[in-house]
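Survey of secondary and tertiary structure
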Amino acid sequence: MEAGEQAGALETLLDRVATYKEKTERLKAKIKKALTYPIAVVVVAVIVTGILLVKVVPQFAETFSSFGANLPAFTLFVLSLSVLAQKYWLIILFGLAGFFFLFKEARRRSTTVAYMVDRYSLKIPIVGQIIYLSVMARFARTLATTFAAGVPLIDALTSVAGAAGNKIYADAIIKVREDVSTGIQLNTALKTRNIFPTLLIQMAAIGEESGALDAMLDKVAVYYEDAVDNTVDSLTALLEPMIMSVLGILVGGLMIAMYLPIFQLGSVV
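Residues numbered from 1 in each chain as written. Predicted model: local features only at pLDDT ≥ 70, side-chain atom pairs only at ≥ 80, totals over all residues. Heavy atoms only, no water.

**A few points about the overall build of the protein chain**
We apply this condition: Helix and strand assignments come from DSSP, with helices taken as H or I runs of at least 4 residues and strands as E runs of at least 2, each series counted from the N terminus. For the radius of gyration, the atoms used are the C-alpha atoms, and the globule rule reads 2.2 Å times the number of residues raised to 0.38. Relative accessibility under 20% of the residue-type maximum defines a buried residue, over 50% an exposed one, and the middle range a partly exposed one, all with a 1.4 Å probe and only protein chains included. In this description, contact between two residues means that some pair of their heavy atoms is separated by no more than 4.5 Å. Accessible surface area values rest on a Shrake-Rupley calculation with a 1.4 Å probe, where residue burial reflects the displayed protein chains alone.
Per the secondary structure count, the protein chain includes ten helices and zero strands. Ordered by position from N to C terminus, the α and β elements of the protein chain give α-α-α-α-α-α-α-α-α-α. Taken against the 2.2 N^0.38 rule, which gives 18 Å for 269 residues, the C-alpha radius of gyration of the protein chain at 27 Å runs more than 25% over that of a compact globule. Along the longest, intermediate and shortest principal axes, the C-alpha atoms of the protein chain span 90 × 35 × 35 Å. Split into buried and exposed, the 269 residues of the protein chain put 35% on the buried side. A sequence separation of at least 24 residues applies to 65% of the contacts in the protein chain between residues at least 6 apart. Accessible area for the protein chain stands at about 16000 Å²; split by element, carbon and sulfur atoms hold 65% of it.

Here you go:
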């Protein structure tokens, strides 16, 4: 808004800000949608498994105690889990809640923890790729918008670092800002960090040479936003059968463990 008022183009720049927010919020919604479904299903699977261990398995245990025969190892393992769940379910529940709360607070308060989490999150299969692509999309979109608005490149990079969403890249952008402030070109500063993609570096170099850096960065932003969309769609299609398999293994495994002694008893009879 400050740059728009000084340049007498407040309406145009507000329109750019609105477009920027629409694109970034759409990107966030896309990623949240992809991650919410599997997380919700996993939580439901854990709850169902807990209920089975606490309420259903003990009923089978009473029946098995009257068999007077050796039980399969798999059944004994599930019965042991059921005993632990019955005795310590409250401690386990509060322990998990406390762990996630402490983890969230540690990440928020500790730079070291945040740095470690963001570093390893980039290495997670598929999810790490989505995080990487979204960081690149935010980098290009934020820098293109602020630079096109007339904000000096050094100040624009400060805004980009705050919008990166990943501590690794936020620190790298700050170092790029420091290099640019000494007179080094943006593409050279990006290249020396060794974590930015070649496409971004090359487009930044073309933009600086042609005097159209904002236009080149806008094209990069569109490319990575489309890449995020495609990767999220692929992840969604891949997760559905995987999640169903996990549910089948958890619930089906418990049922097999409980009925296996009955099947063996029937074969003996």
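Once the structure has been displayed, the description carries forward.
**Thoughts on the side chain of Arg141**
Here is the rule we go by: Pairing of N or O atoms within 3.5 Å defines a polar contact, subject to two protein rules: one partner must be a possible hydrogen donor and the other a possible acceptor, and residues neighboring in sequence count only if both atoms are side-chain atoms.
As for its placement among the helices and strands, Arg141 is situated in helix H5 (residues 127–148). A distance of 2.5 Å separates polar atoms of two side chains, one belonging to Arg141 and the other to Asp218. Apart from residues no more than four positions distant in its own chain, Arg141 is found in contact with Tyr20, Lys23, Thr24, Asp218, Ala221, Val222 and Glu225.

**Some details on the environment of Asp155**
Within the secondary structure layout, Asp155 lies in helix H6 (residues 153–163). It is 9.9 Å that separates the C-alpha atoms of Asp155 and Ser181, two residues lying 26 residues apart in sequence.

**With respect to the packing of helix H8 (residues 186–193) against helix H9 (residues 198–210)**
Just so we agree on the cut-off: Every axis corresponds to a line fitted to the C-alpha atoms, with the helix fit spanning only the stretch in contact, and the corresponding angles, defined between N-to-C directions, vary from 0 to 180 degrees. Orientation categories follow fixed angle ranges, with anything under 35 degrees roughly parallel, anything over 145 roughly antiparallel, 65 to 115 roughly perpendicular, and all other angles oblique. Here a crossing is taken to be left-handed if its near helix is turned anticlockwise relative to the far helix by less than a right angle, and right-handed if that turn runs clockwise. Here the term charged refers only to Asp, Glu, Lys and Arg, the term nonpolar to Ala, Val, Leu, Ile, Met, Phe, Trp, Tyr, Cys and Pro, and the term polar to all other amino acids, Gly among them.
Contact pair H8 / H9: the axes reach a minimum separation of 8 Å and the direction vectors enclose 165°. One way to sum up the angle between H8 and H9 is to call them roughly antiparallel. Our pair here, H8 against H9, has a crossing hand that is left-handed. On the side of H8, the interface is formed by Leu186, Asn187, Leu190 and Lys191, while H9 contributes Leu200, Ile201, Ala204, Ala205 and Glu208. Of the residues assigned to the contact of H8 with H9, the class counts are six nonpolar, one polar and two charged.

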